[in-house]
Amino acid sequence: MQSPILPTGILGETVAAVTDILGPELDGIAVERAVIGLFFTGVKLTTGHAGACATPIKSIPEAVCCPSSAMAMPFPGKLKGKPAREMIKEAFSDHGIRRGVGIATVNALADLCWERRPHPLAELRTRVDAFDANSFRPDDRTIVVGAFVPFLKELKRRKQPFLVLEKDPGTLKAEEMPFFRPAETAREVVPQADVLLITGTTLLNDTLEDLLGWARPQARVTVVGPTVGLLPDAFLRRGADILGGVRITQPDAFLDLLAEGGSGYHFFGRVAEKVVLVRRAEAAAKAA
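So, here's what we can say about the structure.

Calculation criteria
- Residues numbered from 1 in each chain as written.
- Predicted model: local features only at pLDDT ≥ 70, side-chain atom pairs only at ≥ 80, totals over all residues.
- Heavy atoms only, no water.
- Helix = DSSP H or I, 4+ residues; strand = E, 2+ residues; numbered from the N terminus.
- Buried < 20%, exposed > 50% of the residue type's maximum accessible area, 1.4 Å probe, protein only.
- Contact = heavy atoms within 4.5 Å.
- Areas by Shrake-Rupley, 256 points an atom, 1.4 Å probe, with all protein chains shown as cover.
- Pairing = 2+ DSSP bridges.
- Axes fitted to C-alpha atoms, helices over the stretch in contact; angles between N-to-C directions.
- Polar contact = N/O pair within 3.5 Å; in protein donor to acceptor, adjacent residues only side chain to side chain.
- Salt bridge = Lys/Arg side-chain N within 4 Å of Asp/Glu carboxyl O.

Some thoughts on the overall build of the chain
So, point 1. A count of helical and extended segments in the chain gives 11 helices and 11 strands.
So, point 2. Within the span of the chain, comprising 288 residues, buried residues form 52% of the whole.
So, point 3. Expressed as a percentage of contacts within the chain between residues at least 6 apart in sequence, the contacts between residues at least 24 apart total 62%.
So, point 4. Of the roughly 13700 Å² of accessible surface on the chain, 56% is carried by carbon and sulfur atoms.

Here's the deal with the sheet that holds strand S3 (residues 50-54)
So, point 1. As summarised here, the arrangement of the 3 strands in space is S1-S2-S3, forming an open sheet in which the pairing is antiparallel. Strand pairing shows two members of the sheet lacking a second neighbour, strand S1 (31-36) and S3, which therefore form its edges. The sheet shows a mean angle of 15° between the axes of neighbouring strands, taken without regard to direction.
So, point 2. The sheet contacts of helix H4 (residues 96-116) involve S1, strand S2 (40-45) and S3, and relative to S3 the element is tilted by about 145°.
So, point 3. Across the face of the sheet, helix H9 (residues 251-259) comes into contact with S1, S2 and S3 while running at roughly 150° to S2.

A look at the side chain of Thr41
So, point 1. Among the structural elements, Thr41 can be located in strand S2.
So, point 2. Under the relative-accessibility criterion, Thr41 is labelled buried at 1%.
So, point 3. A polar contact is formed between the side chain of Thr41 and the side chain of Thr55, at a distance of 2.9 Å.
So, point 4. Every residue in contact with Thr41, bar those within four places of it in the chain, is listed here: Val35, Ile36, Gly51, Ala52, Cys53, Thr55, Gly100, Val101, Ala104 and Leu258.

Notes on the pattern of salt bridges
So, point 1. All chains considered together, the criterion is met by 24 salt bridges.
So, point 2. With its nearest N and O atoms 3.6 Å apart, the salt bridge here joins Glu86 to Lys82.
So, point 3. According to the relative accessible area criterion, Glu86 is partly exposed, its value standing at 40%.
So, point 4. A residue is classified by how much of its surface remains accessible, and Lys82, at 21% relative accessible area, is partly exposed.
So, point 5. A salt bridge links Arg137 to Asp140; the shortest N-O distance between them is 3.5 Å.
So, point 6. For Arg137, a relative accessible area of 47% corresponds to the partly exposed category.
So, point 7. Given the relative accessible area of 2%, Asp140 is considered buried.

Notes on the sheet that holds strand S5 (residues 142-145)
So, point 1. Taken in spatial order, the 8 strands make up an open sheet running S4-S11-S10-S9-S8-S5-S6-S7, and their pairing is mixed. Looking along the sheet, the strands with just one partner apiece sit at the ends: strand S4 (122-126) and strand S7 (180-182). On average, each strand axis in the sheet is inclined to that of its neighbour by 20°, with strand direction left out of account.
So, point 2. As paired elements, S4 and strand S11 (residues 272-279) share 5 bridges and run antiparallel to each other. Bridge pairing in S11 links Thr126 to Val275.

Some thoughts on the environment of Glu115
So, point 1. Here Glu115 shows up in helix H4.
So, point 2. Between the C-alpha atom of Glu115 and that of Leu230, which follows or precedes it by 115 residues, the distance is 9.8 Å.

Observations regarding the pairing of strand S6 (residues 162-166)
So, point 1. For S6, the tally of buried residues reaches 5 of 5 residues, placing the bulk of the element in the interior.
So, point 2. Alternating residues of S6 divide into Phe162, Val164 and Glu166 and Leu163 and Leu165, and every residue in both groups is buried.
So, point 3. With 4 bridges connecting them, S5 and S6 associate as parallel partners. What sits directly across from Val144, in S6, is Val164.
So, point 4. Note: S6 against S7, 3 bridges, orientation parallel. Bridging across to S7, Glu166 finds its partner in Pro182.

Just geometry here; none of it tells us what the structure is for.
Next comes the structure, spelled out in structure tokens:
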């Protein structure tokens, strides 16, 4: 039987890789539980693997009233037992919440795929922060895409020159505003980066492809956040050097935390751990 034609881009290529690696095994995998939390969406599969994705609350106009929300979310009460092969199609949905559930499912499958086939060009490091996996020279210009608070805090502490591209300047502190640049200026700002730090939520709003395309070949690029899964193929092909994600060690407890409004401050170090995938050529260069 001919395989279905998948959308192109990072998500399309990642879903194609999941389908290829798991083969017929994918048909026996289903969603065991899903939680759409205030900050993150999580999915646990019948294999015991779990994945996460940022919940795109701000980008969802349907969230303003129940009737329109119901139209955007036709599956509450129907996710348990839903085949994973069907669920990953939601990663391409036009509705933010549905897309988040689809990406969380893809990331849960990606965790399983890493067990089946680790990528030969990526080194997995556990309990490592993506920021610490980077190297910074004193004169490096760092561009941060998205107000990723831990990164901004550390850059300020190190007195490292940086700019931050952000859609909502209200997420920045007053002391950070001199470094703010509107998201609309990304095409001019991103090529200035020696180090480019991109939040994984750009995968949700369809800006990641362009951001990676605008980066200079010499730039050291990191994509970070629970939205980033453990299948690095499509990211590496587009120039990413480091992926910072999450491995969920206690799926049920993780979903319980999300259901109670939990964020990374609540689950890291308790029911999930930070992981990074580093391009092996990058790791070799740092060790030299």
